Amino acid sequence: MATRDNIIQVKDLKKHYNQGKIKALDGVTVDIQRGDVMVVIGPSGSGKSTFLRSLNLLEEPTGGSIHFGGMDITKKKSKDANGNLVKVNINLHRQKMGMVFQHFNLFPHMTILDNMTLAPVQVKGMKKDEAEEKAKHLLERVGLGDRANAYPIQLSGGQKQRIAIVRALMMEPEVMLFDEPTSALDPEMVGEVLEVMKELARGGMTMVVVTHEMGFAREVGNRVLFMDHGQLLEQGTPAEIFDHPQHPRLHDFLSKVL
Amino acid sequence: MLSAAGFAKTWKYIELFKEGLVCTVSLSALTVLFGFFLALFLAVFRLSDINVFRFLSRESQWRLREKGGFVYAASRFNPVSFLATVYVEIFRATPMLVQLFFIYYVLFAGVELPSFKLFGFIRFDRFVPGVVALALNSGAYLCEIIRAGIQSIDGGQTEAARSLGLSQWQNMRFVVLPQAVKNILPAIANEFVTIIKESSICYTIGVQEIMYAVASTKGATYRIAEPLVIATVIYFCLTFPTSKIIAYFERRMSRGDKR
């Protein structure tokens, strides 16, 4: 595989607390390729959320490197594509990584439309009416065209999560990170959110998804990572992971969740 | 005690009370303005994350963190936050009167203020130290209110804002502060009402606010009950509507909370 297809390269990523007594991440190495739908599974406390949140530095790692767009974003200065040492502006990189959270984290004091246009207008300098046009278009796509002027409190969990996804899409990210996007939803709302995510995947979006939805992992994912105790224990295609698990801990985990 | 004749005597000096009212209102308004901005800075300083550790390279940070111990603890020391905390604690732990006298008699002793009169009757050289003392004092109290307001906002809000590429400042400006201010509006209103009442202490340094009018009238008429009744009525008419007006804005701003 040509390296230029790699969108994110994670090398020996570590996150230690208490002078190394607690290892939330203990040397994770993985390449994420353009168009990948990478699903991360594992028991709770296995470090999968920490791994995902480290990718856009919401969690600061304590070792290793993450190369994104040709730069090591875990450092303060990094060589860019031309080999010059430049300052890493994390805000710039975060614009290219959309993130969706378990608890939606919509801004409750803004309408849906303002939630969506805030970042494009303030960060990218997009014109307000242009951003609103785009937001309305995206809202139509997820079936919420009539809720543009509602406040988040007026929406159901599933609707909120769909809004959170299109809010991230407003920035036209190169990769989308999902941190247990359906875990806080009522069961009957899980489907509508997964449907939006499937459509994204079909459109070729690079996605990293931490989830407990094994059905989604099998159906949509093209690569599955299994993590436990901060380590990446096994990775492969859904068929390899679910039908021919190698590691005993993966065996154990799957027997509990499937 | 109160008597009609007493009120009649006092009424001759009503002009003093009118001037006192103007003075109290301008004193409080300026205090609120300066106090609030001072508090905003203090709160941001207290919550800031400025220390030696932050300026090290990531690799040195990692090494230091692994080692732990005294050097690591010392590198996390934040002088800006420390100084803001010292300021707040001193101003909250000492009497307003002491602060006022200190500022008027010590701090402004060497300062030559122009002796003109604001609106033709407020003595500028007394008024300014009064505003400074009140603002410095209320800034300390408001700082704690604002800090609590900022800390009451769910961390997920900041995470969402930052993950969209907003800078730390943009996150504060558009996401955290609007929600924080809404949460702390009742506490701020309370503080504003307190300032109106506490501004009466400035009469001790000769600022011609409402209590100064009471003292002057008492000296001229030998009546104390009637001037005090008038002062009480004026203070009530100032503070009661203030809290009502803020309650109105509070309701308006809670649009996003409930239907």
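Our subject in this report is the structure included herewith. Quick caveat: nothing in here was measured; it's all calculated off a predicted structure.

Attention shifts here to the interface of chain A and chain B. On the chain B side, the residues contacting the 36 residues of chain A number 33 residues. Interface area, chain A with chain B, both sides summed: about 3,000 Å², of which 54% is carbon and sulfur. It is Q19, K76 and H109 of chain A that lose the most area in chain A upon contact with chain B, and together they represent 18% of the buried surface on that side. In this assembly, chain A and chain B are joined by two salt bridges.

Bringing the packing of helix 2 (residues 14-46) of chain B against helix 12 (residues 225-253) of chain B into the picture now. Residue and element names in this part refer to chain B. For the pair helix 2 and helix 12, interaxial distance at closest approach is 11 Å and the crossing angle is 35°. As for the relative orientation of helix 2 and helix 12, their crossing is right-handed in sense. On the side of helix 2, the interface is formed by I14, F17, L21, T24 and V25, while helix 12 contributes P227, I230, A231, I234, Y235 and L238.

This part takes up a nonpolar patch on the surface. Among the surface-exposed residues, L30, L33, F34, F37, F41, V44 and F45 of chain B lie close enough to one another that they form a single nonpolar patch of about 660 Å² accessible area. Residue placement: L30 of chain B occurs in helix 2.

On to helix 5 (residues 157-169) of chain A, then. Between the first and last C-alpha of helix 5 of chain A there are 19 Å, a value that for 13 residues agrees with the 18 Å anticipated at 1.5 Å per step. Extensive coverage of helix 5 of chain A is indicated by the burial of eleven of its 13 residues. Among the residues of helix 5 of chain A, G158, Q159, Q161, R162, I163, A164, I165, V166, R167, A168 and L169 of chain A are the ones counted as buried. Buried positions along helix 5 of chain A lie against strand 8 (97-100), helix 3 (112-124), helix 4 (128-141), strand 9 (175-179) and helix 6 (187-202) of chain A together with helix 9 (155-163) of chain B.

This part covers the side chain of N56 of chain A. Following the sequence through the fold, N56 of chain A ends up in the loop between helix 1 (48-55) and strand 4 (63-68). Leave out the neighbours within four places in its chain, and N56 of chain A touches I90, R94, M97, M99 and L177 of chain A together with S163 of chain B.

Calculation rules
- Residues numbered from 1 in each chain as written.
- Chains lettered and ligands numbered in written order.
- Predicted model: local features only at pLDDT ≥ 70, side-chain atom pairs only at ≥ 80, totals over all residues.
- Heavy atoms only, no water.
- Contact = heavy atoms within 4.5 Å.
- Buried area = accessible area lost by both parts, 1.4 Å probe.
- Salt bridge = Lys/Arg side-chain N within 4 Å of Asp/Glu carboxyl O.
- Axes fitted to C-alpha atoms, helices over the stretch in contact; angles between N-to-C directions.
- Helix = DSSP H or I, 4+ residues; strand = E, 2+ residues; numbered from the N terminus.
- Left-handed = near helix turned anticlockwise from the far one by under 90°.
- Patch = residues over 30% accessible without salt bridge, like charges linked within 9 Å, V, L, I, M, F, W, Y side chains within 5 Å.
- Areas by Shrake-Rupley, 256 points an atom, 1.4 Å probe, with all protein chains shown as cover.
- Expected span 1.5 Å × (residues − 1).
- Buried < 20%, exposed > 50% of the residue type's maximum accessible area, 1.4 Å probe, protein only.

So yeah, pure geometry; function would need other evidence.
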